[in-house]
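Structural overview for review
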Amino acid sequence: MNAVLILSACLSVALTLPTGPPESACNDMIPQHGDATVSGEPPYAVTIGSMKYATGSPVQVTVATTNGTSFRGFFVQARVNDADFVTNPALGMFSDYPELTGGVECTADNANSAWGHTNNNDKTSVVATWTYDGPCEDVGDLAFRVTVVQGDPATRYYTDIVSNNLMFDAEMCDTGAASYVISSIFTIISSIMVAVLAY
């Protein structure tokens, strides 16, 4: 009996180790904690700071409680939101995430293609920046797919929490290109002026 209790306690600790989401969960985004023991409307939401995306344009992403219920773990990806949403690969890259959270390599050679926890402390809100890094072309509407682990026990988790859609904005690409050209011209002119003055 004591051996069973000890094994149960060890298993509970193992399930809540602060290692963050494993790369093996990148596809289905389901925690490897056993079947979920909660159901119904999740007390968490993912919100975005923009409804548009384009190459190099940052979007603020927030995962937070909606009723004060804290959470211990989370996993976020941006995906094309079409009929294959649940199997589409992660897009873009996350940055500016808070301490004790970090990137997850769910896309080859992109260590920040997903974002998750690296500790199991209680949280009520986490914020990061996501940036689309593909070619500046319309790949379809995007959305953020989120899994949140409430914890106590680790089988208390919610999957398929989804943000509003982000739509491609070609004008943002044009603005970015124009800004780059202007910046490059300014740099060249400044260099010439410095050279002339030095001469």
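Refer to the structure presented above.
Attention here is on the structure that accompanies the text. Since the model is a prediction, treat every value here as computed from it, not as a measurement.

Attention now moves to the side chain of D169. If you trace the backbone, D169 turns up in the loop between β11 (167-168) and α2 (170-198). Within the structure, the side chain of D169 is placed 3.0 Å from the backbone nitrogen of E171, a separation counted as a polar contact.

What follows is about the state of the cysteines. Considering all chains together, one arrives at two disulfides under this definition. A sulfur-sulfur distance of 2.0 Å marks the disulfide that ties C26 to C106. Its S-S torsion of about -75° marks the bond between C26 and C106 as left-handed, since a negative value means left-handed. Linking C26 in the loop between α1 (2-15) and β1 (44-48) with C106 in the loop between β6 (101-104) and β7 (114-117), this pair joins segments that are 80 residues apart in sequence. Here C26 and C106 have matching classes, each one buried. What pairs with C136 in a disulfide is C173, and their sulfur atoms sit 1.5 Å apart. A torsion of -80° about the S-S bond marks the disulfide between C136 and C173 as left-handed. Here C136, found in the loop between β8 (125-131) and β9 (142-149), pairs with C173, found in helix α2; they are 37 residues apart in sequence, far enough to count as distant.

On to the packing of aromatic side chains. Counted by the stated rule, this structure contains ten aromatic pairs. Relative to Y158, the ring of Y44 lies with its centre 6.0 Å away and its plane at 65°, an arrangement referred to as edge-to-face. With a gap of 114 residues between them, Y44 in strand β1 and Y158 in strand β10 (residues 157-162) connect regions that are remote in the sequence. According to the relative accessible area criterion, Y158 is buried, its value standing at 10%. Following the ring pairs from residue to residue traces out a cluster consisting of Y44, Y53, F71, F74, F94, W115, W130, Y132, F144, Y158 and F168.

Each value, and the rule that gives it
- Residues numbered from 1 in each chain as written.
- Predicted model: local features only at pLDDT ≥ 70, side-chain atom pairs only at ≥ 80, totals over all residues.
- Heavy atoms only, no water.
- Helix = DSSP H or I, 4+ residues; strand = E, 2+ residues; numbered from the N terminus.
- Polar contact = N/O pair within 3.5 Å; in protein donor to acceptor, adjacent residues only side chain to side chain.
- Disulfide = S-S within 2.5 Å.
- Buried < 20%, exposed > 50% of the residue type's maximum accessible area, 1.4 Å probe, protein only.
- Phe/Tyr/Trp six-rings, centres within 6.5 Å; stacked < 30°, edge-to-face > 60°.

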